[in-house]
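Residue-level structure breakdown
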Amino acid sequence: VQLQASGGGLVQAGGSLRLSCAASGSIFSINAMGWYRQAPRKQRELVAAITSSGLTNYGNAVRGRFTISRDIAKNTLYLQMNSLKPEDTAVYYCAKGGWPFYPCGSWGQGTQVTVSS
């Protein structure tokens, strides 16, 4: 299953964006999926992850502001981002993997999120 992230853009601080991650096949049997981000000159970090049963985990920096969800029928993973901050600026990637979440397979093309102050 190949993953393609989309939905990024430029938004002012305090605004919202919803990222989508479209899968080339069914995500029903995927154990877990997640979102990572990488800012310039920083390591890639886990933003949020979700299991096939709906268990979620969030990075400390986004907990309470971001929500991860899946639509099995549409084979799509989402990341609703609210109360965005300039430090959320990064390229966001989606991935499939295991739990506690770790990514498996190749990284697809990310989507750029830029939050202006």
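A brief structural summary. By convention here, each chain's residues receive numbers from 1 onward along its written sequence. Thresholds applied to this predicted model are a pLDDT of at least 70 for local features of residues and 80 or more for the giving and counting of side-chain atom pairs; totals over whole chains, interfaces and linings are not thresholded and use all residues. Where side-chain values are given, they derive from all heavy atoms of the structure, hydrogens and water being excluded.

What to know about the sheet that holds strand 8 (residues 76-81)
The condition is simple: Strands pair, by our definition, only if DSSP identifies at least two bridges between them. Secondary structure elements follow DSSP: runs of H or I no shorter than four residues count as helices, runs of E no shorter than two count as strands, and numbering proceeds from the N terminus. Only C-alpha atoms enter the line fits that serve as axes; for helices the fit covers just the stretch in contact. Angles between N-to-C directions range over 0 to 180 degrees.
The four strands lie next to each other as 1-3-8-7, forming an open sheet whose pairing is antiparallel. This sheet does not close on itself; its edge strands, each paired only once, are strand 1 (3-6) and strand 7 (66-71). Mean inter-strand twist for the sheet, computed between neighbouring axes without regard to direction, equals 15°. With six bridges joining them, strand 3 (residues 17-23) and strand 8 adopt antiparallel strand pairing.

Section: the state of the cysteines
The line we're drawing: By convention in this document, the label disulfide applies to cysteine sulfur atom pairs within 2.5 Å. A 1.4 Å probe rolled over the protein chains alone gives each residue an accessible area, and that area as a share of the maximum for its type sets the label: buried under 20%, exposed over 50%, partly exposed in between.
The tally for this structure, following the rule as stated, stands at one disulfide. The partner cysteine of C21 in its disulfide is C94, sulfur to sulfur 2.1 Å. Taking the torsion about the S-S bond as the criterion, the C21 to C94 disulfide, at about 75°, is right-handed. Placement of C21 in strand 3 and of C94 in strand 9 (residues 90-98) is noted, with a sequence separation of 73 residues between them. Overall, the relative accessible area of 0% leaves C21 in the buried class.

So, the pattern of salt bridges
Operational definition: The salt bridge definition used is simple: a Lys or Arg side-chain nitrogen within 4 Å of an Asp or Glu carboxyl oxygen.
Enumeration according to the criterion identifies three salt bridges in this entry. The closest approach of N and O atoms between R37 and D88, which form a salt bridge, is 2.9 Å. Placement of the pair is R37 in strand 4 (residues 32-38) and D88 in the loop between strand 8 and strand 9, with a sequence separation of 51 residues. For D88, a relative accessible area of 1% translates into the label buried. D88 is paired through a salt bridge with R65; the nearest N and O atoms lie 2.8 Å apart. A residue pair is termed long-range when its members are at least 10 positions apart, and D88 in the loop between strand 8 and strand 9 and R65 in the loop between strand 6 (56-58) and strand 7 qualify at 23 residues. In this structure, D88 and R65 share a single accessibility class: buried. Bridged by salt links that share partners, the residues R37, E45, R65 and D88 form one connected network.

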